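Residue strings, one per chain:
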Amino acid sequence: MQIANGIHLVPRVRGANAYLVKGDEGITIVDTGLPGNAGKIVDYVEGIGCHRSDVKTIVLTHSDIDHAGSAARLKEETNASVAIHETDAPRLSGEKEWKKMKGGLGLFLRVAGAVMRFQRLKADVLLKDLDIIDGLTVIHTPGHTEGSICLHLPTKVLFVGDVLVTNSERTPSLPRRSMSVDMHLAKESVRRISQLEYSVLLPGHGPPIEQNASAIMKKFVATL
């Protein structure tokens, strides 16, 4: 489903939202959902008239299984490079344990990781704050994880991963405290991205905010 010019929300991906960015040099995939979604993403790529080999980069907003679960398989299917912030890379590769999560959802994700056999992988590209990858500016936004990032296409679009979530009415909110490593940092990260300009906000969970997103964000931040 095309959200904006060249930017698609891949349908029926389990776990977190997966997005496709179609650029002049090829396709960038932002997040991959839980394990088992690589085929759906490839099918969508081919369904819009492209080839799987057109996928050049898989950018992960952070290392949680519901965002990175299909990254290894999608890399095998497309031969794309995998990029993640340098702080979250050790969790993706298995050099560092999963972040500690509380509550029922944390338990579910731990069990899911075991049952679904999450395939670890070493990132090809280690990102830092303000790096530019495939035309997208990396904004380091820690709080949900230590290495969470947003991706900014100036004045147009902001991919926020789990820095924010939206509900059915497209109202933004903070991620759950039980799922975040530092809520103080999470709030500071939201304040930072509220200073950027963009029309569309693309969350990892919930529907996109497709109009006046930066204005909506400024109003939300005023409530924190």
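Right above here is the structure, for reference.
Residues numbered from 1 in each chain as written. Predicted model: local features only at pLDDT ≥ 70, side-chain atom pairs only at ≥ 80, totals over all residues. Heavy atoms only, no water.

Undergrad: Any details on the overall build of the protein chain? Residues and values, ideally.
TA: Each helix and strand counted, the protein chain has seven helices and 14 strands in total. Along the three orthogonal principal directions, the C-alpha set of the protein chain runs to about 45 × 40 × 30 Å. Burial statistics for the protein chain: of 224 residues in total, 53% are counted as buried. A separation of at least 24 residues holds for 64% of the contacts in the protein chain among residues at least 6 apart in sequence. Of the accessible surface of the protein chain, which amounts to about 10200 Å², a share of 51% is contributed by carbon and sulfur atoms. (Helix = DSSP H or I, 4+ residues; strand = E, 2+ residues; numbered from the N terminus. Buried < 20%, exposed > 50% of the residue type's maximum accessible area, 1.4 Å probe, protein only. Contact = heavy atoms within 4.5 Å. Areas by Shrake-Rupley, 256 points an atom, 1.4 Å probe, with all protein chains shown as cover.)

Undergrad: Give me the layout of surface pockets: which residues, what numbers.
TA: One way to see where empty space is left: roll a probe the size of a water molecule over the atoms. When its volume is computed, the second largest pocket comes out at roughly 210 Å³. Listing elements by their share of the lining of the second largest pocket, those giving two or more residues are strand E3 (19-23) and strand E4 (26-30). Across the lining of the second largest pocket, the residue classes break down as five nonpolar, six polar and five charged. (1 Å grid on protein atoms, 1.4 Å probe; cavity = no way out; pocket = protein on both sides within 12 Å on 5 of 7 lines; lining within 4 Å. Points joined across faces, edges and corners; volume = space filled by probe spheres on them. Nonpolar A, V, L, I, M, F, W, Y, C, P; charged D, E, K, R; others polar.)

Undergrad: Could you give an account of the pattern of salt bridges, naming the residues involved and the relevant values?
TA: Across all of its chains, the model carries 10 salt bridges by this definition. Its salt-bridge partner being Glu-146, residue Arg-91 comes within 2.8 Å of it at the nearest N-O pair. Of this pair, Arg-91 sits in helix H4 (residues 89-93) while Glu-146 sits in the loop between strand E9 (136-140) and strand E10 (149-153); the two residues are 55 residues apart in sequence, bridging distant segments of the chain. Using a relative accessible area of 26% as the deciding quantity, one classes Glu-146 as partly exposed. One continuous salt-bridge network, built from bridges that share partners, spans Glu-46, Arg-52, Arg-73, Glu-76 and Glu-77. (Salt bridge = Lys/Arg side-chain N within 4 Å of Asp/Glu carboxyl O.)

Undergrad: Please set out the side chain of Ser-93 residue by residue, giving values where relevant.
TA: When you line up the elements, Ser-93 lands in helix H4. A distance of 2.7 Å separates polar atoms of two side chains, one belonging to Ser-93 and the other to Glu-95. If we skip the residues at most four places from it in the chain, Ser-93 touches Arg-120, Leu-121 and Lys-122. (Polar contact = N/O pair within 3.5 Å; in protein donor to acceptor, adjacent residues only side chain to side chain.)

Undergrad: Can you break down helix H7 (residues 213-221) residue by residue, with the values?
TA: Of the residues making up H7, those classed as buried are Ala-213, Ser-214, Met-217, Phe-220 and Val-221. Buried residues of H7, viewed axially, fall in a sector of 115°; they line one side. On the buried face of H7, the contacting elements are strand E13 (172-173), helix H6 (183-193) and strand E14 (200-203). (Arc of directions from axis to C-beta.)

Undergrad: Residue-level account of the packing of aromatic side chains, with values.
TA: In this structure the tally under the stated criterion is one aromatic pair. Geometrically, the ring pair formed by Tyr-19 and Phe-159 is edge-to-face, given 5.6 Å between the ring centres and 70° between the ring planes. Note that Tyr-19 is positioned in strand E3 and Phe-159 in strand E11 (residues 157-161), a separation of 140 residues in sequence. The two residues Tyr-19 and Phe-159 agree in class, both being buried. (Phe/Tyr/Trp six-rings, centres within 6.5 Å; stacked < 30°, edge-to-face > 60°.)

Undergrad: Can you tell me about the sheet that holds strand E6 (residues 81-85), naming the residues and giving the values?
TA: Spatial ordering of the open sheet is given by E1-E2-E3-E4-E5-E6-E7, a layout of seven strands whose pairing is mixed. Both edges of this open sheet fall to strand E1 (2-4) and strand E7 (125-127), since each of them pairs with a single strand only. With direction set aside, neighbouring strand axes in the sheet form an average angle of 25°. As paired elements, strand E2 (residues 7-9) and E3 share three bridges and run antiparallel to each other. What sits directly across from Leu-9, in E3, is Tyr-19. Those strands touched by helix H3 (residues 71-78) are E4, strand E5 (55-59) and E6, and its axis lies near 170° from that of E5. (Pairing = 2+ DSSP bridges. Axes fitted to C-alpha atoms, helices over the stretch in contact; angles between N-to-C directions.)

Undergrad: Could you give an account of the side chain of Arg-91, naming the residues involved and the relevant values?
TA: In this structure Arg-91 comes out as buried when scored by relative accessible area, which is 7%. Side chain to side chain, Arg-91 and Glu-146 meet in a polar contact 2.8 Å long.

Undergrad: Explain the pairing of E6 residue by residue, including any values.
TA: Here is the key point about a regular strand: its side chains alternate between the two faces of the sheet. A large share of E6 lies buried, amounting to four of its five residues. Note: E5 against E6, three bridges, orientation parallel. Its bridge partner being in E6, Thr-57 is matched across the sheet by Ser-81. Where E6 meets E7, three bridges bridge the pair, whose relative direction is parallel.

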